[in-house]
Amino acid sequence: MKFGSNKQQNEEPNVGKVTVLSLGFELTGDIISKSDIRADGILVGSIRTDKRVVVGEKASITGDIIAEEISISGEVVGDLFIKGETTIYANAKVSGNIKTSSIFIHKGAQINSGIQVLEPKEVEEASKSSKINSVSREELYSMLDDRSTTKRNKEVPVKPISQPKTKTYTDSSTDGDSDTNMDYPRSW
């Protein structure tokens, strides 16, 4: 039995990776990623990805979301610009405008939103009004790629490990109180 593949890996290095905002994690700021995003924590900021966003049951996101697909089980307050499928589960609470190509809403979901079902190109055009789209994806990804290339090419100087310095202490006094004034070497 053979595992793996002989196929060469010519794909992007981020394919198959997921950016995770774990339970108990709180973040203030925007998240921009080329990979899928799973949020289980608290985010005060927007999300932009060309892939899928999953909002877990305990997650809370306050900000716009621009993505290919989204599944919501938690709370989202902000506008959604989804070029593909939007799924809102029974435990979800969603407030804000939703622009998507298709939408599935499960019974029990709390929605306080305006919903527009549009063609993917219309959704992408509408997403340009979001503040997170102030820089184009191409420009942003180019800047991120330049940074990671620079970091990989930069040599980090290696500092040699120094030998611990030791001192020998001798008690030159004859009275017993001098032990309190001695400076003993630390062993940690």
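None of these values were measured; they are calculated from a predicted model.

Cut-off values and rules
Residues numbered from 1 in each chain as written. Predicted model: local features only at pLDDT ≥ 70, side-chain atom pairs only at ≥ 80, totals over all residues. Heavy atoms only, no water. Helix = DSSP H or I, 4+ residues; strand = E, 2+ residues; numbered from the N terminus. Buried < 20%, exposed > 50% of the residue type's maximum accessible area, 1.4 Å probe, protein only. Contact = heavy atoms within 4.5 Å. Areas by Shrake-Rupley, 256 points an atom, 1.4 Å probe, with all protein chains shown as cover. Core = buried A, V, L, I, M, F, W, Y, C linked by side-chain atoms within 4.5 Å. pLDDT = per-residue confidence, 0-100. Pairing = 2+ DSSP bridges. Polar contact = N/O pair within 3.5 Å; in protein donor to acceptor, adjacent residues only side chain to side chain. Axes fitted to C-alpha atoms, helices over the stretch in contact; angles between N-to-C directions.

Trainee: Can you walk me through the overall build of the protein in this structure?
Mentor: Looking only at helices and strands, the protein features 2 helices and 16 strands. Buried positions account for 29% of the 188 residues belonging to the protein. By sequence separation, contacts in the protein at least 24 residues apart represent 14% of the contacts at least 6 residues apart. Here the protein displays about 13400 Å² of accessible surface, and carbon together with sulfur accounts for 50% of that area.

Trainee: Help me understand the nonpolar core in this model?
Mentor: General note: in soluble globular proteins, nonpolar side chains tend to be found buried as a group. Ile65, Ile72 and Leu80 are the most contacted members of the largest nonpolar core, which totals 21 residues. Breaking this core down by element, the ones donating at least two residues are strand S4 (36-39), strand S7 (52-55), strand S9 (65-67), strand S10 (69-72) and strand S12 (80-88). Beyond its immediate sequence surroundings of up to four residues, Leu80 is in contact with Ile65, Ile70, Ile72, Val94, Asn97, Ile98 and Lys99.

Trainee: Sorry, what's going on with the confidence of the model for the protein here?
Mentor: Low pLDDT marks regions whose predicted coordinates should not be analysed in detail. Mean pLDDT for the protein: 77, with 61% of residues reaching 70 or above. Here helix H2 (residues 137-153) is the element of the protein with the lowest mean pLDDT, 57, and S10 is the one with the highest, 96. Across residues 1-15 the pLDDT falls below 50, and counting only partners more than four positions away or on other chains, this stretch makes 3 contacts in the model.

Trainee: What am I meant to see in the pairing of S12 here?
Mentor: Note on strand geometry: in a regular strand, side chains alternate between the two faces of the sheet. A large share of S12 lies buried, amounting to 8 of its 9 residues. Summarising the sheet, S9 and S12 pair through 3 bridges and their orientation is parallel. Residue pairing across strands places Ile65 opposite Leu80, the latter belonging to S12. As judged from the 3 bridges shared by S10 and S12, these two strands associate in the parallel manner. Bridging across to S12, Ser71 finds its partner in Thr87. With 7 bridges joining them, S12 and strand S14 (residues 98-105) adopt parallel strand pairing. From the neighbouring strand, Leu80 faces S14, where its bridge partner is Ile98.

Trainee: When you look at the side chain of Thr100 in this model, what are you seeing that I'm missing?
Mentor: Here Thr100 lies in strand S14. Here Thr100 falls in the buried class, since its relative accessible area comes to 0%. Separated by 3.0 Å, the side chain of Thr100 and the backbone oxygen of Ser102 make a polar contact. Leaving out residues up to four positions away in the same chain, Thr100 has contacts with Ile82, Gly84, Glu85, Thr86, Gln116, Val117, Leu118 and Val123.

Trainee: Mind showing me how you'd approach the sheet that holds strand S15 (residues 110-112) here?
Mentor: Strands pair in a sheet through their backbones, by hydrogen bonds, and they do so in one of two ways: parallel or antiparallel. Within the open sheet, the 6 strands sit side by side as S2-S5-S8-S11-S13-S15. Their pairing is parallel. Unpaired on one side and paired on the other, strand S2 (26-28) and S15 mark the two borders of the sheet. Taking the axes of each pair of neighbouring strands and ignoring which way they run, one obtains an average angle of 5° across the sheet. Pairing of strand S13 (residues 93-95) with S15, which is carried by 3 bridges, proceeds in the parallel orientation. When the sheet's bridge partners are listed, Val94 is paired in S15 with Ile111.

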